[in-house]
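Listed below, chain by chain, are the residues.
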Amino acid sequence: MNYFYGYLVAGVLVLMIVYGSHRISIRGKEKNSISDLLESMNPDREKISYRLLNNFVAPFLGSILIVVVWPVAVYMKLRQMYIDKYPPASSVERVFTVEPANLIEKLTVVEIQNRELVSDPLGGAPVVPFGHLEKAWQKFVQKKGENDSVWSFSALWETNWGRKEEKSGYVFVNNENQNPGAFFLTLDREVDSA
Amino acid sequence: MTAQIAERLLYQGEMLSMCTNPLNDYFSMGGDSPRFANNCTALWRGYVGDWEIIDSRLYLVGLSGSLEDGSEATLATVFPEFPRRVFAHWYSGTVRIPQGRRLEYVHMGYSSKYERDLILEIKKGVVAAAHLRHNGTAEEDAPQGYGVQAMTVFPINEKNSSDGGQP
């Protein structure tokens, strides 16, 4: 019998840890999450029966379940922590980076700005390099390091979802290790979308 | 993701539904993006742009939407110095204009299929080519033209009332 009580006490401790962990994990999250929005659209939320079920009965039954089968809860929590720390490669969203093989031509900032001058006969764009994106370009250029040169690049890229894209633009290349770094896109189009 | 409300394009004197969002490319390339209110499942981007092709060039000539602070978004909100017409020089890619009757309704993005797609190939804001793609023949009673069948509109704040149908 003592073992049984010990088992339940351990269950209560697990419940407290799970609850505390949950409270910490939701702290600071945006209130307008999808679940909050969906709940706000639920017309039943004003009913006392809904509130009783959602705020008391369901948490109570969940708590009982954790106390009774706490080893399962511990296993699931540890498994989730492991997945969070070591996510499987397939679940990580690939992020585009410029590879050395994508580099085309080393250029000066002045050369780039000359070739990217925008003009429009109807006056729909400022007559400056990169037109409406001139501010974004200036922001990019300001990040150029002393050991960086600027190259044009073009790359074919496939997202996790199999979408093939053509990307081109300009990229900083470190003169010491020749590694491409931050880039500025001038073309980002889906390939064979038509 | 719910089927999305299309952009509007005035092309060769005809107002058409355009299932492409060139302004998204502007924002992703570093253009300043205001905080559009995302209160409708059929309009996650938060705005509808009015486009026009003049002399083979793609222009943004209007914008309708709401900002998170409740104020109205217009073309001047995104391009304060070009409140009437903005040349979409940043956009390269295809523009899809569905035409004819609906072959298949897909409640996601711009995935619904129509009898024809007018495809415009755009290079740096200039129309480089145009071709018509035939996708099949729809039944006689199939709906004509692009449309969204259902959406949910969330209240922006407590002062506003909710509207809409099923999600």
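Within each chain, residue numbers correspond to sequence positions counted from 1 in written order. All chains are assigned letters beginning at A, and all ligands numbers beginning at 1, according to the order in which they are written. Totals for whole chains, interfaces and linings use all residues, but because this is a predicted model, local features are given only for residues with pLDDT of at least 70 and pairs of side-chain atoms are given and counted only at 80 or more.

## Things to note about the overall build of chain A
Only runs of H or I of at least four residues qualify as helices and only runs of E of at least two qualify as strands under DSSP, and these elements are numbered from the N terminus. Within chain A, the regular secondary structure consists of six helices and four strands. Reading chain A from its N end, one meets helices and strands in the order α-α-α-α-β-α-α-β-β-β. Taking all 194 residues of chain A together, the buried fraction comes to 15%. Contacts here follow a simple rule: the backbone-placed C-beta atoms of the two residues must lie within 7 Å. Taking all contacts inside chain A whose residues are at least 6 apart in sequence as the whole, residues at least 24 apart take part in 56%. Around each residue's C-beta, the other C-beta atoms within 10 Å are counted; 20 or more make the residue buried, 12 or fewer make it exposed, and counts in between make it partly exposed. All C-beta atoms are placed from the backbone.

## A short note on the environment of Asp120(A)
The topology assignment puts Asp120(A) in the loop between α5 (109–115) and α6 (134–141). Taking the C-alpha atoms as reference points, Asp120(A) and Val9(A), 111 residues apart in sequence, are found 76 Å from one another. Other than its neighbours up to four places away in sequence, Asp120(A) contacts Ala125(A) and Phe87(B).

## Regarding the pairing of strand β4 (residues 180–190) of chain A
Residues and elements named next belong to chain A. Pairing analysis gives eight bridges linking strand β3 (residues 164–174) to β4, with the strands arranged antiparallel. Bridged to serine 168 within β4 is leucine 187. At least two bridges found by DSSP between two strands are what make those strands a pair. Connecting the antiparallel pair β3 and β4 is a turn made up of five residues, with glutamine 178 showing a positive phi of about 60°.

## Some points on helix α3 (residues 48–68) of chain A
Residues and elements named next belong to chain A. With 21 residues, α3 extends 29 Å between its outermost C-alpha atoms, agreeing within 8% with the 30 Å of an ideal straight helix rising 1.5 Å per residue. Asparagine 54 marks where α3 bends most, by close to 30°. The buried fraction of α3 is low, at one of 21 residues. A helix is expected to span 1.5 Å multiplied by its residue count minus one. Across the chain, bend at a residue is computed as the angle between axes fitted to the seven residues ending at that point and the seven starting from it.

## Describing the interface of chain B and chain A
The partner chain A presents 18 residues to the 23 residues of chain B that form the contact. Put simply, the parts of the chain that give the side of chain B that touches chain A at least two residues each are α1 (22–28), β6 (86–87) and β7 (93–104) of chain B. Of the residues forming the side of chain B that touches chain A, the biggest block, three residues, is contributed by α1(B). Any residue outside Ala, Val, Leu, Ile, Met, Phe, Trp, Tyr, Cys, Pro, Asp, Glu, Lys and Arg is labelled polar, Gly included; the first ten of those are nonpolar and the last four are charged. Partitioned by chemical class, the residues of the side of chain B that touches chain A number eleven nonpolar, nine polar and three charged.

## Considerations on the sheet that holds β4(A)
In sheet architecture, strand pairing relies on hydrogen bonds along the backbone and comes in two forms, parallel and antiparallel. Residues and elements named next belong to chain A. Read from one edge to the other, the open sheet built from four strands follows the order β1-β2-β3-β4, with strand pairing classed as antiparallel. At either margin of the open sheet sits one strand with a lone partner, and together these are β1 (103–107) and β4. Here the strands of the sheet are splayed against their neighbours by 20° on average, with no regard to which way each runs. Pairing geometry for β1 and strand β2 (residues 148–158), over four bridges, is antiparallel. Paired with leucine 107 across the strands is valine 150, a residue of β2. Orientation is described by lines fitted to C-alpha atoms, with helices fitted over the stretch in contact, and by angles between N-to-C directions that extend from 0 to 180 degrees.

## What to know about the environment of Val68(A)
Positionally, Val68(A) belongs in helix α3. Sequence spacing of Val68(A) and Leu8(A) is 60 residues, and the spatial spacing of their C-alpha atoms is 6.8 Å.

## So, the pairing of strand β3 (residues 47–54) of chain B
Residue and element names in this part refer to chain B. In this structure, strand β1 (residues 7–11) lies alongside β3, joined through three bridges in parallel fashion. Its bridge partner being in β3, leucine 10 is matched across the sheet by glutamate 52. Looking at chain direction, β3 and strand β4 (residues 57–66) are connected through eight bridges and run antiparallel. By the bridge assignment, valine 48 is partnered in β4 with serine 64.

So yeah, pure geometry; function would need other evidence.
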